[in-house]
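Coordinates in review
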Amino acid sequence: QVQLVESGGGLVQPGGSLRLSCAASGSIFSIDTMDWYRQAPGKQRELVASITTGGTTNYGDSVKGRFTISRDNAKSTMYLQMNSLKPEDTAVYYCYAGIVALTDYRFLEVWGQGTLVTVSS
């Protein structure tokens, strides 16, 4: 069984910072692109940032210059450093990864359970 587990969410004041983590575990052969998505109440899920195995990154327009995505391939873990947080960043943040399973080399699209980030004074 392959799974992703997020951590690091919580309540932060506007202008503050948080760091999210997403750890992959299970029978993993390889991990392809890893993404962070978020979904605010009443809104569609949107892509926040993505990172390839080689470290190429891509950001949504609303977080460029404030958020930084990174990954540690040796630890099968992805991070999202969020700075200068705004109330409109409030959402449930989900990680996603394309993972090739070690057991049968199938390509799996795996989602984490989500972690809530609340930006409020």
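On the surface, Phe29, Leu102 and Tyr105 cluster together to form a nonpolar patch covering roughly 340 Å² of accessible area. Locating Phe29 in the fold gives a position in strand E4 (residues 28–39).

Attention shifts here to the state of the cysteines. The final tally for this structure, using the stated rule, is one disulfide. Disulfide partner of Cys22: Cys95, at an S-S distance of 2.2 Å. On the sign convention where negative is left-handed, the bridge of Cys22 and Cys95, at about 65° about the S-S bond, is right-handed. Linking Cys22 in strand E3 (residues 18–25) with Cys95 in strand E9 (residues 91–101), this pair joins segments that are 73 residues apart in sequence. Of the two residues examined, Cys22 and Cys95, each falls in the buried class.

Another point: the pattern of salt bridges. A full pass over the atoms with the stated rule returns five salt bridges. Note that Asp104 is salt-bridged to Arg106, the shortest N-O span being 2.9 Å. Among the charged side chains, a salt-bridge network with shared partners connects Arg38, Glu46, Arg66 and Asp89.

This brings us to the pairing of E4. The side chains of a regular strand alternate, residue by residue, between the two faces of the sheet. Strand direction decides the pairing type here: E4 and E9, joined by nine bridges, are antiparallel. By the bridge assignment, Met34 is partnered in E9 with Ala97. From the end of E4 to the start of strand E5 (residues 46–51), which pair antiparallel, there are six residues, and Gly42 there has a positive phi angle of about 80°.

Pairing is antiparallel in the open sheet, where four strands are placed in the order E1-E3-E8-E7. If you trace the sheet from one side to the other, it starts and ends with strand E1 (3–7) and strand E7 (67–72), each paired once. Taking the axes of each pair of neighbouring strands and ignoring which way they run, one obtains an average angle of 15° across the sheet. Summarising the sheet, E3 and strand E8 (residues 77–82) pair through six bridges and their orientation is antiparallel.

Turning to the layout of surface pockets, a few remarks are in order. Roughly 160 Å³ of internal volume is contained in the largest pocket. Contributing to the lining of the largest pocket are 14 residues, with Arg38, Ala40, Lys43, Glu46 and Glu88 lying nearest its centre.

Structurally, Met34 is set in strand E4. Residue classification places Met34 among the buried positions, given a relative accessible area of 1%. Between the alpha carbons of Met34 and Ile51 there is a distance of 5.5 Å; along the sequence they are 17 residues apart. Those residues in contact with Met34, other than ones at most four positions away along the chain, are Cys22, Ala49, Ser50, Ile51, Ile69, Arg71, Met78, Tyr96 and Ala97.

Parameters and conventions
- Residues numbered from 1 in each chain as written.
- Predicted model: local features only at pLDDT ≥ 70, side-chain atom pairs only at ≥ 80, totals over all residues.
- Heavy atoms only, no water.
- Patch = residues over 30% accessible without salt bridge, like charges linked within 9 Å, V, L, I, M, F, W, Y side chains within 5 Å.
- Areas by Shrake-Rupley, 256 points an atom, 1.4 Å probe, with all protein chains shown as cover.
- Salt bridge = Lys/Arg side-chain N within 4 Å of Asp/Glu carboxyl O.
- Helix = DSSP H or I, 4+ residues; strand = E, 2+ residues; numbered from the N terminus.
- Disulfide = S-S within 2.5 Å.
- Buried < 20%, exposed > 50% of the residue type's maximum accessible area, 1.4 Å probe, protein only.
- Pairing = 2+ DSSP bridges.
- Axes fitted to C-alpha atoms, helices over the stretch in contact; angles between N-to-C directions.
- 1 Å grid on protein atoms, 1.4 Å probe; cavity = no way out; pocket = protein on both sides within 12 Å on 5 of 7 lines; lining within 4 Å.
- Points joined across faces, edges and corners; volume = space filled by probe spheres on them.
- Contact = heavy atoms within 4.5 Å.

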